[in-house]
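Residue-level structure breakdown
The lines below spell out each chain.
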Amino acid sequence: MPGGVRISLGYAFLILGGIALSALGQPLCRLPRDVFAACFQCGFRFNTYIAIAVAGRIGGEAGLALLSLLIGVLVPLVNVAAVAVLARGRATHVGRELARNPLVLACAAGLAWNALSLPRPA
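Okay, so let's go over this structure. (Residues numbered from 1 in each chain as written. Predicted model: local features only at pLDDT ≥ 70, side-chain atom pairs only at ≥ 80, totals over all residues. Heavy atoms only, no water.)

1. Quick look at the environment of Leu66
Considering the arrangement of structural elements, one finds Leu66 in helix α4 (residues 48-89). Using a relative accessible area of 30% as the deciding quantity, one classes Leu66 as partly exposed. Counting along the chain gives 57 residues from Leu66 to Leu9, while the straight-line C-alpha distance between them is 9.6 Å. (Helix = DSSP H or I, 4+ residues; strand = E, 2+ residues; numbered from the N terminus. Buried < 20%, exposed > 50% of the residue type's maximum accessible area, 1.4 Å probe, protein only.)

2. Remarks on the packing of aromatic side chains
Applying the stated criterion across every chain, the model contains 1 aromatic pair. With a centroid separation of 5.4 Å and an interplanar angle of 55°, the aromatic rings of Phe36 and Phe40 are classed as tilted. Taken together, the positions of Phe36 and Phe40, both in helix α3 (residues 33-40) and 4 residues apart, correspond to about one turn of that helix. By relative accessible area, which is 5% here, Phe36 ends up buried. (Phe/Tyr/Trp six-rings, centres within 6.5 Å; stacked < 30°, edge-to-face > 60°.)

Okay, here's the thing in structure tokens:
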């Protein structure tokens, strides 16, 4: 398996594992809902710049391309997880918060633009 693929798979498992382990914080530590919501995302937010540097060094252009695709999937996933728990922690409607989140809106617009095969802006 090429180095870029290993790095990308490891990165994905790290993020998903961080989300799963962070979810255990409330029942294990018996945190109040609002405190848990504020702490939850600290377990899986990531530094994309470090991942890009490592993927480029180890996997070259192929590693960067693969990581770029992975980031395109993981950034919305991480943001949805964080916004959902924060909304729940504040006892607000999760759907409403997701619908107002600029990153979720931008990702949805990008996916729709691509699905409609619209031309890329100059």
